[in-house]
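Per-entry structural report
As a plain string of letters, each chain reads:
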Amino acid sequence: MTIRPLAACLVLLTAAPLAATAAEVGQPAPDFTLSDLDGKPVRLADFKGKIVVLEWFNPGCPYVVAAHTKGSLVDAAAKASKQGVIWLAINSGAPGKQGAGAELNRKARADWKIGHPVLLDEAGTVGKAYGATNTPHLFVIDAAGKLAYRGAVDNSPDGERASPQGGTLVEYAAAAVDDLRAGRPVKVSSTKAYGCGVKYAQ
Amino acid sequence: MNTLSPVTAPTRLLGLALLLLATPARGLEPVPASLPPSHQEATAWAVTLGLPTPLRAGVAATAIVQLIARAGHHINLEYPVAFRPDDRSTVTFGGPRVPLAAGASTPCPGRAAEICQQTLALPFTPGAGLRRVSGTVLFSVCTAERCLIERTALGAEASP
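No experiment lies behind these values; they were computed from the predicted model shown.

**Re unusual backbone geometry**
Omega for the bond connecting T135 of chain A with P136 of chain A falls within 30 degrees of zero, at -5°, which places this linkage in the cis form. You can see P136 of chain A is positioned in the loop between strand 6 (134-135) and strand 7 (137-141). The omega torsion of the bond from T53 of chain B to P54 of chain B falls at -5°, within 30 degrees of zero and hence cis. A positive phi is found at K113 of chain A, a non-glycine position, where the angle reads about 55°. By the secondary structure assignment, K113 of chain A is in the loop between helix 4 (102-111) and strand 5 (118-120).

Quick look at the structure:
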């Protein structure tokens, strides 16, 4: 009789880590539906069959500013889009936090000539499901819907491509896209993201 | 009727003096532009550049950059702190953007996991004559809520 509560506890204990590893490389990327800045819903599952890049975004973060004005994100999305890749920026900042809200994101989108959607995740649900910790933080999803890369946009943690570790700039997210397009295994599938912390509500 | 007033002798002397001041002297070295200060600060940080002594021409030396985070900020150790020399420098650096190596650090009061003071090493090689180090220090300080990427001009000089 006492076994049932114990079994329930064991199930709960094992369920928590499984949930935390939902966005691990090689595993299916968590599906979501978020609204863009015009309120139009965007669902990840609609892009199955295509490579998708998720970019955690905050227009008030100086690393994001640097990356979008002089770093690796200046034209990465435009270049990827020409190759048929879907690029989605996601802002998981809670209302009132740095860079949150449709107006600031609309301005950044115009200022930086961003052509892809910026999705608002004010509750932080999607950010937490992916384990997004930084802005920018990049996730590359393969055509089968599995996570193929998670981490930094490049190896220059100033956001400006000016201080590449090891002396040679490596654009990790773009390289992962190139590997997937070429049908190769992704050479570097996980790196440590740099930048600001995601401004979750809690 | 509009008449010009006669030019007086003191006015002529003043004009001559101004002309002499404005004319570069032949055979003299151009006067170097003034150095930025060796200490800069803002609400969230303070940074100081110091040169070692003595310096010997052709012998590698290390300047010290002291970075302090304040007002609830801590030093962002993940940011690649660097020094970008400018053309007022008269010493040789390893490149146009010199990474600064972290030395001694001091935790923030009451926040042992965060660093509020950091000593950073700037390697250079002095030549003969006046040794000037001038450029921009690039660094980042953060709170839990926001990060700042800062760049500030610093300069220091030492006589041979």
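Moving on, there is more to tell.
**Here's the deal with the interface of chain A and chain B**
Contacts between chain A and chain B engage eleven residues on the former and eleven residues on the latter. Examining the composition of the side of chain A that touches chain B, we find that three residues originate from one element, helix 2 (residues 62-69) of chain A, more than from any other. The class makeup of the residues in the side of chain A that touches chain B is eight nonpolar, two polar and one charged.

**Describing the pairing of strand 7 of chain A**
Residue and element names in this part refer to chain A. By the criterion of burial, strand 7 is predominantly enclosed, with five of the five residues buried. Burial along strand 7 is two-sided: H137, F139 and I141 facing one way and L138 and V140 facing the other are all buried. Where strand 3 (residues 52-56) and strand 7 come together, five bridges link them in antiparallel fashion. Looking at the pairing, V52 lines up with I141 of strand 7. Here strand 7 pairs with strand 8 (residues 147-151) via four bridges, running antiparallel. Paired with L138 across the two strands is G151, which belongs to strand 8. Between strand 7 and strand 8, which pair antiparallel and follow one another directly, the connecting turn spans five residues, one of which, G145, has a positive phi of 90°.

**Some words on the sheet that holds strand 3 (residues 61-69) of chain B**
All names here are of chain B. Judged by pairing direction, the sheet is antiparallel, and its five strands sit side by side in the order 1-2-3-8-7 without closing on themselves. For this open sheet the edge positions go to strand 1 (39-41) and strand 7 (101-108), each flanked by a neighbour on one side alone. Recorded for the sheet is a direction-independent mean angle of 20° between the axes of neighbouring strands.

**Observations regarding the pairing of strand 5 (residues 82-85) of chain B**
All names here are of chain B. Here two bridges tie strand 5 to strand 6 (residues 98-99), and the two strands are oriented antiparallel to one another. Its bridge partner being in strand 6, F83 is matched across the sheet by V98. Alignment of strand 5 against strand 9 (residues 131-142), held across four bridges, turns out to be antiparallel. Its bridge partner lying in strand 9, F83 is registered against V137.

**Structural notes on the sheet that holds strand 7 of chain A**
Residues and elements named next belong to chain A. As summarised here, the arrangement of the seven strands in space is 2-1-5-4-3-7-8, forming an open sheet in which the pairing is mixed. Lying at the two open borders of the sheet, with one neighbouring strand each, are strand 2 (41-43) and strand 8. The sheet shows a mean angle of 30° between the axes of neighbouring strands, taken without regard to direction. Where strand 4 (residues 86-91) meets strand 5, three bridges bridge the pair, whose relative direction is parallel. Paired with N91 across the bridge in strand 5 is L120. Strand contacts of helix 6 (residues 172-181): strand 3, strand 7 and strand 8, with the helix running at about 170° to strand 8, the strand carrying the most contacts.

**Regarding the nonpolar core**
Judged by nonpolar contacts, the single largest core of 79 residues is most densely connected at V53, I90, V140, A173, A176 and V177 of chain A together with V65 of chain B. Every residue in contact with V140 of chain A, bar those within four places of it in the chain, is listed here: I51, V53, A148, Y149, A173, A176 and V177 of chain A.

**Here we look at the environment of L180 of chain A**
Within the element layout of this structure, L180 of chain A appears in helix 6. Filtering out sequence-adjacent residues up to four positions away, L180 of chain A remains in contact with I51, D142, A148 and V186 of chain A.

Calculation notes
Residues numbered from 1 in each chain as written. Chains lettered and ligands numbered in written order. Predicted model: local features only at pLDDT ≥ 70, side-chain atom pairs only at ≥ 80, totals over all residues. Helix = DSSP H or I, 4+ residues; strand = E, 2+ residues; numbered from the N terminus. Contact = placed C-beta atoms within 7 Å. Nonpolar A, V, L, I, M, F, W, Y, C, P; charged D, E, K, R; others polar. Buried ≥ 20, exposed ≤ 12 C-beta atoms within 10 Å, placed from the backbone. Pairing = 2+ DSSP bridges. Axes fitted to C-alpha atoms, helices over the stretch in contact; angles between N-to-C directions. Core = buried A, V, L, I, M, F, W, Y, C linked by C-beta atoms within 7 Å.

By themselves, these are just geometric observations and shouldn't be taken as functional.
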